[in-house]
Amino acid sequence: MQKIIPHLWFDKEAVEAAEFYSATFPASKIISTTALPNTPSGDCDIVTFDIWGHRFMSISAGPLFKINASISFMVNFDPKFFKGSEDEARKALDYAWDKLSDGGTVLMPIDEYFYSKRYGWIQDKYGVSWQLILTDPNEDPRPTIIPSLMFADKNAGRAEEAIKFYLSVFRDTKMGQIHRYGPDQQPDDPNSIAFADFILEKSWFSAMDSARMENTVFNEAISLMVYCKNQEEIDYYWDKLSAVPEAEQCGWVKDQFGVSWQVVPESLDEMMSDKDPERSARVTQAFLRMKKFDLAELENAYRGVHSKV
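On to the overall build of the protein chain, then. When its secondary structure is counted, the protein chain shows seven helices and 15 strands. Relative to the compact-globule value of 19 Å for 309 residues, the protein chain shows a C-alpha radius of gyration of 20 Å, a close match. Expressed as lengths along the three principal axes of its C-alpha atoms, the size of the protein chain is roughly 60 × 40 × 35 Å. Here the protein chain, with 309 residues, has 53% of them falling under the buried criterion. Across the protein chain, contacts joining residues at least 24 apart in sequence account for 62% of those joining residues at least 6 apart. Summing over all exposed atoms, the protein chain offers an accessible surface of approximately 14,300 Å²; the carbon and sulfur share of this is 49%.

What follows is the structure in structure tokens.
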């Protein structure tokens, strides 16, 4: 099971967006759709979907947060994924770019750059940002989808600090590439990170600094869900990641860089998708009253046992 899953917060478009992404990227599909009743935002749709082997989750929960480019998703179109054909990889990339361009905003035009024969960065009509890159098959292999964190605005220059922190918190970690800005790339500091990638819990992530992207800061619109096998893991990640007490609610925390995380039990998805609506409703009402999840109390709610929460 993928340990860390990107979570996208939409106003009303969670199902529509998941269907759009499933039609845009290779080997992608919706896994499940669940209605979450009687939340502070009303009835919400929760969608679990797979983009080219990478699990995502989204929710329609009102216009509380707006997605921005502080977290984007790098999509590697490696010819190895297309039976070694660079032409087929390029066709798939261009198809995705054309789909994402419909109603989208180009952040970097699709073109040849020193690091790739074909690369472009685009924000789609739902606000989600994608970096599409034709990968050199001779380089070290990377997965199809890599969440990318951009440390901009007040966070500019903190990417390396954040990477070291995340590597210290999570398990099954590894540092990958690291490239710094040069002296001729002002306003970015020459010692800050132009690009770096790293592994957390067996999943690849990337990070960069940017002194150019003002008013682009992390928020709750894109969070990272950490699935925990037991209460001990929930307690561990909660204590490590929570740096903003007022942001603690329903399993959500915010770290010292402003990145939002959801620390949740692995069994929650099964409880929430139960075909018995009374069971899922009890679990919903139980976790809505929590800050850090109490797994025993969630299980009690699921079984209909009186809860102390």
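It is worth spelling out the pattern of salt bridges at this point. Applying the stated rule across the entire model yields 13 salt bridges. For Lys254, the salt bridge goes to Glu220, with nearest N and O atoms at 3.0 Å. Placement of Lys254 in strand β14 (residues 252–254) and of Glu220 in the loop between β12 (203–210) and β13 (222–228) is noted, with a sequence separation of 34 residues between them. One salt bridge connects Asp274 with Arg279, and the closest N-O pair in it is separated by 3.2 Å. Owing to a relative accessible area of 32%, Arg279 belongs among the partly exposed residues under this scheme.

The tendency in soluble globular proteins is for nonpolar side chains to be buried as a group. With 64 residues, the main nonpolar core has Tyr21, Phe77 and Trp130 as its most contacted residues. If sequence neighbours within four positions are ignored, Phe77 has contacts with Phe25, Trp52, Phe82, Ala89, Ala92, Leu93, Ala96, Leu132, Ile133, Leu134 and Thr135.

Turning our attention to the packing of aromatic side chains. Enumeration according to the criterion identifies 31 aromatic pairs in this entry. Relative to Phe293, the ring of Phe287 lies with its centre 5.7 Å away and its plane at 75°, an arrangement referred to as edge-to-face. With respect to burial, Phe287 and Phe293 carry one shared label: buried. An aromatic cluster of three or more residues is present, and its members are Phe10, Phe20, Tyr21, Phe25, Phe49, Phe56, Phe73, Tyr126 and Trp130. Lying across the ring of Phe20, Lys125 places its NZ or CZ 4.7 Å from the centre.

Turning to the sheet that holds strand β11 (residues 193–200), a few remarks are in order. Spatially, the eight strands line up as an open sheet ordered β6-β7-β8-β5-β9-β12-β11-β10, and their pairing is mixed. Edge strands, defined here as strands with exactly one partner in the open sheet, are β6 (105–113) and β10 (174–180). With direction set aside, neighbouring strand axes in the sheet form an average angle of 20°. In terms of strand pairing, β10 meets β11 through five bridges, oriented antiparallel. Looking across to β11, one finds that His179 is bridged to Phe195.

Rules and cut-offs
- Residues numbered from 1 in each chain as written.
- Predicted model: local features only at pLDDT ≥ 70, side-chain atom pairs only at ≥ 80, totals over all residues.
- Heavy atoms only, no water.
- Helix = DSSP H or I, 4+ residues; strand = E, 2+ residues; numbered from the N terminus.
- Rg over C-alpha atoms; globule rule 2.2 N^0.38 Å.
- Buried < 20%, exposed > 50% of the residue type's maximum accessible area, 1.4 Å probe, protein only.
- Contact = heavy atoms within 4.5 Å.
- Areas by Shrake-Rupley, 256 points an atom, 1.4 Å probe, with all protein chains shown as cover.
- Salt bridge = Lys/Arg side-chain N within 4 Å of Asp/Glu carboxyl O.
- Core = buried A, V, L, I, M, F, W, Y, C linked by side-chain atoms within 4.5 Å.
- Phe/Tyr/Trp six-rings, centres within 6.5 Å; stacked < 30°, edge-to-face > 60°.
- Lys NZ or Arg CZ within 6 Å of the ring centre and 35° of its normal.
- Pairing = 2+ DSSP bridges.
- Axes fitted to C-alpha atoms, helices over the stretch in contact; angles between N-to-C directions.

From the geometry alone we can't say anything about function, so treat these as descriptive.
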